[in-house]
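Architecture at a glance
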Amino acid sequence: MSSFGKMPSFSLPFTMGKYRTVFFLALFLIIALSPSCKDRPKAVNSTGLENSTGEPAYGDSLIEGTIGEPSILIPMLAGDSASHSVAGLIFNGLVKYDTDLSVIGDLAESWDISPDGLVITFHLRKGVKWADGVEFTADDVMFGYKTIIDEKTPTAYSEDFRQVKKAEVLDRHTFRVTYEKPFAPALTSWGNLAILPGHLLEGKDITKSDLGRNPVGMGPYRLRKWAAGQELVLDSYHDYFEGRPYIDHYIYRVIPDSATMFLELQAGGIDMMGLTPIQYTKQTNTVFFRKNFQKFRYPTFAYTHMAFNLRHPFFKDKRVRQAIGYAIDKSEIVDVVLFGLGTPATGPYVPNTWPYNPDVKKYEYNPEKAKQLLKEAGWEDTDGDGILDKDGNPFKFTILTNMGNTLRKNTATIIQWRLEKIGIKVDIRALEWSAFINNFIDKKRFEAVLLGWSIGLDPDQYDIWHSSKTKEKEFNFISYSNPEVDELLEKGRRTFDIEERKKAYFRIQEILADELPYIFLYVPDATPIVHARFKGIKPSPIGISYNLPKWYVPEKLQRHRMEP
Amino acid sequence: MVLYLAKRLLEMIPTLLGITLISFFIIHLAPGKPTDILTELNPKITPEARERLEKIYGLDKPVIVQYGLWLKRIVRLDFGESFSTDRRPVMEKIWDRKQPLLDRRLFITFMLNLLSMVIIFLVAIPIGITSATHQNTLYDRITTTGVFIGFAMPSFWLALLLMMLFGVYLDLLPISGLKSMNYDSLSVAGRIWDRLSHLILPVFVSSFGGLAGLSRYMRSNMLEVIRQDYVTVARAKGLPENEVIYRHAFRNALLPIITLLGLSVPGLIGGSVIFENIFGIPGMGQLFYMSVMTRDYTMIMGILTIGAILTLLGNLLADLGYMLADPRIRTK
Amino acid sequence: MKNGKLRNLFWKRFRQNRLAVAGGIIVVGLFLIAVLAPFLSPYSPNDIDRKHILEPPSLAHPFGTDDLGRDILSRMIYGSGISLSVGFVAVGIATAIGMVLGAVSGYYGGWPDRIIMRFIDIMLSIPTFFLILAVIAFVDPGIWSIGGLPVWLKKILQRIPFIDPSIMNIMVVIGLTSWMGVARLVRAEFLSLKEREYVLAAKALGASDLRIIFRHIMINSLAPVLVSAILGIAGAVLVESALSFLGIGVQPPAPSWGNILELGKNNIEIAWWLSVFPGLAILITVLGYNLLGEGIRDSIDPRLWETERH
C-alpha cells in the first residue's frame, strides 16, 4: 500500500486518457452553444399595453394552456372538457346561448315551435360550407341525430335526444323534430349536438373514423396539426359564416402541471390559462402582471356540495343534517380553499341566474346551535371521549371524495376539522374516480360524499332530485324522496312558460334548503388570465370564450407570426 | 457464443409469459370496470348507455378468455386500444409511427435513460477509480460522503431544488418539456442548444442516484482488484502506474459494472415516472402515470409489458457486454 | 471464540466506525421523535388557520405553514411516525416472505428452487416502481380492513395516529414487491450452509426439515438479513415518500413528508419552505438508516463468523 505515496496525483479525473477528448468536446459544446437568455421568449413589457385598444386587425396567435389533453374531437364521443373546448371551435350546434342566457341561433337561423310545444321546426342557414367545401344541409343534422341515438355509438349524451318521437328532413334547409311529451330543455339540447359531416361519415363506424383526430367542421377554426401529448394547432377559417375570426391561429398547448403552465405564461410560452385560486390572488399582482395580462373572474356553472346517504340511520333525521349545516363555516371554506374566489351556495343553482332563489333558509356558522340540534336528536357525549354518541354508537362517519382534486380535498379537511369541534369524528377517503362511482356511489355504499355537479344552463334537474331516479347508477344516489319536489320537477320540465318554471324551481329550492339532503357548499369562480394584447374580450355570465372569434390583437401589438 | 445467446433468448420466454400473467392479474384486482371513466357523473347518462359501452369493450366475457385473447394480440404487439376517450391503439400512443422519431414517447424515455446511463458510466467510473487509488484522502472522503448523500437523496426532492434554483430563482434553465415554444423558428444551433438545455436538469436528476451507486461499487471493486496478486506483479515488473491501473486493474474491475448497468435499467425506467412527471416530459413514464390515474386498463398492461421487455433486453445486453469484455467466458 | 467475545468484537468495530454511529444516533433520534410526537409538536397537525395561509418560516412557525394554515413543523413531526411505520411494516412483510421463499428455495433445491427463482426473475424484470404504482392504484384499500394484516399488527397500527386503510395498503404493496433481495440472500446462505457438517449431522440424527431450517441454518443467516432489513427500511421510506409525492401514497389530511413535498411542487414559486424541509428530513432519515445498515454490515465482516452456532 505504501507505493501509493509515489503516484503522480491524478487531479482531474477527466485528464486521463480516453476521457480527455470527451470532456473537452462536452465543454466546447457547452461554451459554443451557450444560451443567451434572449433566446427564450420573454413577455413583451411595453407600457400602455392594456390601454391601447387599437383597431381590430387580423393576425397573431392565441396560445392557451391546458392540463388535460383533448382525447377525441368528436364531441358526442368525448367525456372531457378539454375535448369539448377545442371541438367547440371546430363544430357548431343548431342553437347557442347568448350572454343573457337566452337562446339564439347558431347553424339554425330561426325556428318555429308549435303551440303545444311538441314540434320544433328549424330553418337552417344557407350557404354554410364544411371545411372540405361541401354545403351544409339538413341531412347533416339528421345524420348527427341518428348517430347520437344509435346503440353502437359509445356516447354519454344521448338521453335528451331519445325524447324525440320523430325527426324529419323537410328540405335541404329545414329540419323538424316532434317530441312525445312537452320537454322544456328540448330547444337548448340542440345546442349540445355538434353537427357532424354526414357526407364523410355516412356508413362508417364513427369510432374508427379519422375524424376524431382530423375533424372536418364548419366552425371558426379548423385543426391543422395535432402533436400528441404536446399541442393542437388550429387555423382560422376565413369563410366562417359569422365572419372571419381575427386571430389567425389558436394553439392549445398541453402542460400537465399547473405550476409549470404558470411559468410558461410568464415566459411568453402561452397567452391564456385558468388560474388556481392561489395564483390568482398571490402570484399575479406584480407590476409585471398588471402591465402584461388581464385577469377575469366570474362564477362557473357548477357547485360543490356534501351529500348525505339518506338511508343511513344517522342522516335520516333532518335535525342532524341541519346541525351539520350550522357546524360548517362556508365563508371559511371559500376564504381558505378558494381564497375568496367563489360564493357560498344555498342551493343547486348559480346566484344571479334566473332560476336562483335568493330567499331560502341560510345556515350561518353557529356551532352552539348545531350542538343543540344534535342534542334534540339524541346525540350527547355521555362517555367523555370528545365524540358524541347515542345508544352506545359514536357519531363517526366517512366522507368520500375523488382523488386528485385539491380543492375538494381541502374542503373535506376543513369540514373534518369543524365537525371534530362539535364532537363528530370524520374520516376522509379519496378514491380513484371509477372505483368511487362504481363501488360506492352506484351501490349506495357510502355515508357522505363530497362532490360537485356541473349545472346545465337549463334548470331541469329531474335526474338528480326525482324520487324515481334512485336505481343503481342513477343520479339520485342519496335516495331523496319528496312528493312535492317530484311534482314540481315534472311541472318544471313540461311547461315552456318561464314564469311557471321559475315558480316551480323557487319552491324546490325552499324545500331543499330546509331539508338539506346536501350541504350546498360553494359556487367557485372561474379565473382565467389572458395576455393583455388581446382585445375584444367581454366577460359575461357564460364566460369569456364564447366570442373568441371576435377577439383581436391590434396590429402594433401582434407578436406571433406563423408562416402558413 | 451464438448458442449462448439463443439459450438466453429462449429462457426469456417463460419470463415474459410470467410478466404478462402478473400484469393481467394486477389489473383484475381492481374493483369496477374501466368504462366508468367514460361515464362520468353526468346526469345525461343512463344505465342502459353504460351497459352498451361495456358490451362494446368486451368486458362481459370470462376472465380466462379475456387473458387468452389478450395474449394472442400481445404477440403481435397489439395491446388493444387505450381506454381513455381518444381510443387510440396503445402501441401507437407509445410509439407513434406518424410522429417524427424524436417525439415518440418510448423513444424519449429510452433516449433519456440511455443518456443517463452513459453519463453514469462516464462519470461514476473515473470517480470510483480515483477514490480507490486515493483511498482515505480528502478527495476520497468527499466523494464517499457525496455518494452516501446521493443514495439517500430522494430524486424528486433534488429535482424540486434544482428547479427552484435554476428555473425560478436564477432563471437559467427551462424546467419543463423537451423544447421551447418557438423551437421551430430557431436556427440549427439554437435548436441544438434548446434541446440540450431542456435535457440538462432531467438527465442530471435521473443519473444522480445511479452515479452514487455505481461509483461506490467501482471503488470497492477497484480496491479489491488492486489488492490482487497480479497487480503487485505488474508493479514489481516496473510498469508505470498508469498502465497498472488501466490495463490491468481497471479492466478486471469493470466487468461486474457492466452487469450492474444492465441491472439498473428497471430502476431507471421506474424512476422516469417521477421525473418525467416533474419536468413535464412527454415520455412513457408520464404516460404510465396518467394511465394509472385514469385507470386506463389496456394502456397500463401495455406499458408494464414493454417496460419489462426493455428490462429483459437490458439484462441481455449486459450479459453480452460481459461476454465480450471477459475473454474467459468467450472461450467457454 | 465464544459468543460473548463475538458480540464485544462487533460493538468495538461498530463504535470505531463513526459514520455508523452517526447513523445509529439518527435512527434512534427519529424513533424518539415519532413516538413522542404529541409532546414535541408545537401545534396540532390539523389546526386550520385561515389567517396564516402559506406563510414563510417565522418564530411562530419555524417551518412555515401550508395552504390550509397548518404548521409544517408539527405535521412533519407526526409525519415521521407514518413514514417509519410504513418502513417497518413493509420491510417486515418483505423480510418474512423473502426468508420463507429463500429458505425453501435454498434448502430443497430442485423444482421448488427453479420455480421460485423464475418467479424472482419475473418480479425483478418489471420495473418495481411501475409495479407498485399499478397495484396501489388498482387495489381498493378496503381490502385490508377486512382481511390482509394479522390482528395483532392491526391493533398496534390503529394506535398510531393517522394510520388508516390506505396507508396499510401502501405498506402491504411495498412489502409484496421488495422481498426479492432478501429471498436471494437467504437462498445463498442456505445453499452455502446446508452442506455443512453440523447440518448433515443433524439430519443423520433424524431432525425434521423444519427444525434444521430454523434452528440451524436460519439463525446463521440472520445477520445479513438484519442488514438488508435496515437498508430496506430506508428504501421503503423513499418509496413511500415518492408515492405520496405523486399523490398515490399517504393521502391527506394525514401528514407525510412526501405529500408535503407534493404541495411544495405545486407552489414552487411562492413557498420554498414546503420543498426544502420535508426533503431534508427524508434525506436525513434515509442517510441514517443507510449508514447504520452499512455500519453493521462492515462490523459483521464474514470473517468474524468463522465459528458458527451449532
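To keep things clear, this report deals only with the structure shown in the data block.

1. Here we look at the overall build of chain B
From N to C terminus, chain B includes 14 helices and 0 strands. Along chain B, helices and strands appear, N-terminal first, in the series α-α-α-α-α-α-α-α-α-α-α-α-α-α. Across chain B, contacts joining residues at least 24 apart in sequence account for 69% of those joining residues at least 6 apart. Roughly 14400 Å² of accessible area belongs to chain B as shown, and the carbon and sulfur atoms make up 67% of that amount.

2. Focus on the pairing of strand β18 (residues 396-402) of chain A
All names here are of chain A. Burial analysis of β18 places 5 of its 7 residues in the buried class, the great majority of the element. As paired strands, β18 and strand β20 (residues 448-454) are joined by 2 bridges and run parallel to one another. Paired with I399 across the bridge in β20 is A448.

3. Some details on the interface of chain B and chain C
Each partner contributes residues to the interface: chain B has 45 residues there, and chain C has 42 residues. Regarding the contact of chain B and chain C, the summed buried area is about 3900 Å², with carbon and sulfur atoms giving 82% of it. The tally of links from chain B across to chain C stands at 0 salt bridges. There are 6 residue pairs in polar contact (both at pLDDT 80 or more) connecting chain B and chain C. Elements supplying a minimum of two residues to the side of chain B that touches chain C: α1 (2-29), α6 (138-152), α7 (155-169), α11 (265-278), α12 (284-293) and α13 (297-325) of chain B. Per-element accounting of the side of chain B that touches chain C gives the leading share, 9 residues, to α1(B). Considering only residue class, the side of chain B that touches chain C consists of 36 nonpolar, 6 polar and 3 charged.

4. Regarding the pattern of salt bridges
Counted under the stated rule, the structure contains 27 salt bridges over all chains. Between C:R50 and A:D329 there is a salt bridge whose closest N-O contact spans 3.4 Å. Of this pair, C:R50 sits in the loop between α3 (37-40) and α4 (72-108) while A:D329 is found in the loop between α9 (318-327) and α10 (330-336), placing the two residues in two different chains. Exposure remark for C:R50: the relative accessible area of 31% places this residue in the partly exposed category. What emerges from the salt-bridge pattern is a single network uniting A:D60, A:D271 and A:R533.

5. Description of the sheet that holds strand β5 (residues 119-124) of chain A
Residue and element names in this part refer to chain A. The antiparallel open sheet is built from 4 strands, whose spatial order is β4-β5-β7-β6. Taken across any chain shown, the strands that pair with only one partner, and hence form the sheet edges, are β4 (108-113) and β6 (164-171). Taking the axes of each pair of neighbouring strands and ignoring which way they run, one obtains an average angle of 20 degrees across the sheet. Strand direction decides the pairing type here: β5 and strand β7 (residues 174-179), joined by 5 bridges, are antiparallel. Bridge assignment links T121 to a residue of β7, and that residue is R176. Strands in contact with helix α3 (residues 138-149) are β5, β6 and β7; relative to β6, the strand with the most contacts, it is inclined by about 160 degrees.

6. A look at the side chain of C:H61
By the secondary structure assignment, C:H61 is in the loop between α3 and α4. Apart from residues no more than four positions distant in its own chain, C:H61 is found in contact with C:Y43, C:E55, C:P56 and C:D71.

7. Topic: α4(C)
Residues and elements named next belong to chain C. Compared with an ideal rise of 1.5 Å per residue, which puts 37 residues at 54 Å, α4 spans 52 Å between its outermost C-alpha atoms and is within 8% of the ideal. With 29 of 37 residues buried, α4 is to be regarded as a mostly interior element. Phi turns positive, to about 60 degrees, at G109, one or two residues after α4.

8. Considerations on unusual backbone geometry
All names here are of chain A. In the Ramachandran plot, D391 falls in the positive-phi region, its phi being about 55 degrees despite a non-glycine side chain. Here D391 lies in the loop between β16 (389-390) and β17 (393-394). Despite not being glycine, S479 shows a phi value in the positive range, around 65 degrees. Tracing the chain through its elements places S479 in the loop between α14 (462-465) and α15 (483-494).

9. Describing a nonpolar patch on the surface
Residues and elements named next belong to chain C. Together, V28, F31, L32, I33, V35, L36, F39 and L40 make up a nonpolar patch on the protein surface, roughly 770 Å² of accessible area in all. Only α2 (18-35) and α3 provide two or more residues apiece to the nonpolar patch. At 5 residues, α2 tops the list of elements feeding residues into the nonpolar patch. Residue classification places I33 among the partly exposed positions, given a relative accessible area of 33%.

10. Here's the deal with the interface of chain C and chain A
Accessible area lost upon the coming together of the parts is a frequently used measure of interface size. Listed as interface residues are 21 residues of chain C and, on the opposing side, 25 residues of chain A. Of all residues in chain C, C:I48, C:R50 and C:E269 give up the largest surface area on contact with chain A, accounting jointly for 29% of the area buried on that side. Taken together, the links from chain C to chain A amount to 2 salt bridges. The closest approach of N and O atoms between C:R50 and A:D335, which form a salt bridge, is 2.7 Å. Taken together, the connections running from chain C to chain A amount to 6 residue pairs in polar contact (both at pLDDT 80 or more).

11. Considering the nonpolar core
Ranked by internal contacts, the top residues of the largest apolar core, which has 213 residues, are A:M306, A:I324 and A:W465. When residues of this core are assigned to their parent elements, the largest contribution, 13 residues, is made by helix α12 (residues 209-246) of chain C. Once you skip the residues sitting within four places of it in the chain, A:W465 turns out to touch A:Y303, A:P348, A:N476, A:I478, A:Y480, A:V485, A:D486, A:L489, A:L512, A:P517, A:Y518 and A:F520. Listed in part, the 70 residues of the second largest apolar core include A:L89, A:A167, A:I206 and A:M272.

12. Side note on helix α11 (residues 367-376) of chain A
Residue and element names in this part refer to chain A. Inspection of α11 places A370, L373 and L374 among the buried residues, and these make up the whole buried set. Buried residues of α11, seen end-on, are gathered within an arc of 100 degrees and therefore sit on one face of the element. Residues of α11 that are exposed and point over 90 degrees away from its buried face: E368 and K375. Positive phi shows up at G378, right after α11, with a value of about 105 degrees.

13. Thoughts on a negative patch on the surface
Residue and element names in this part refer to chain A. A grouping of E380, D381, D383 and D385 is seen on the molecular surface, where their side chains present a negatively charged patch. Here D381 is to be found in the loop between α11 and β16. Here D381 falls in the partly exposed class, since its relative accessible area comes to 33%.

What counts and how
- Residues numbered from 1 in each chain as written.
- Chains lettered and ligands numbered in written order.
- Predicted model: local features only at pLDDT ≥ 70, side-chain atom pairs only at ≥ 80, totals over all residues.
- Heavy atoms only, no water.
- Helix = DSSP H or I, 4+ residues; strand = E, 2+ residues; numbered from the N terminus.
- Contact = heavy atoms within 4.5 Å.
- Areas by Shrake-Rupley, 256 points an atom, 1.4 Å probe, with all protein chains shown as cover.
- Buried < 20%, exposed > 50% of the residue type's maximum accessible area, 1.4 Å probe, protein only.
- Pairing = 2+ DSSP bridges.
- Buried area = accessible area lost by both parts, 1.4 Å probe.
- Salt bridge = Lys/Arg side-chain N within 4 Å of Asp/Glu carboxyl O.
- Polar contact = N/O pair within 3.5 Å; in protein donor to acceptor, adjacent residues only side chain to side chain.
- Nonpolar A, V, L, I, M, F, W, Y, C, P; charged D, E, K, R; others polar.
- Axes fitted to C-alpha atoms, helices over the stretch in contact; angles between N-to-C directions.
- Expected span 1.5 Å × (residues − 1).
- Patch = residues over 30% accessible without salt bridge, like charges linked within 9 Å, V, L, I, M, F, W, Y side chains within 5 Å.
- Core = buried A, V, L, I, M, F, W, Y, C linked by side-chain atoms within 4.5 Å.
- Arc of directions from axis to C-beta.
- Lys, Arg positive; Asp, Glu negative; His and termini not counted.
- Charge placed at Lys NZ, Arg CZ, Asp CG, Glu CD.

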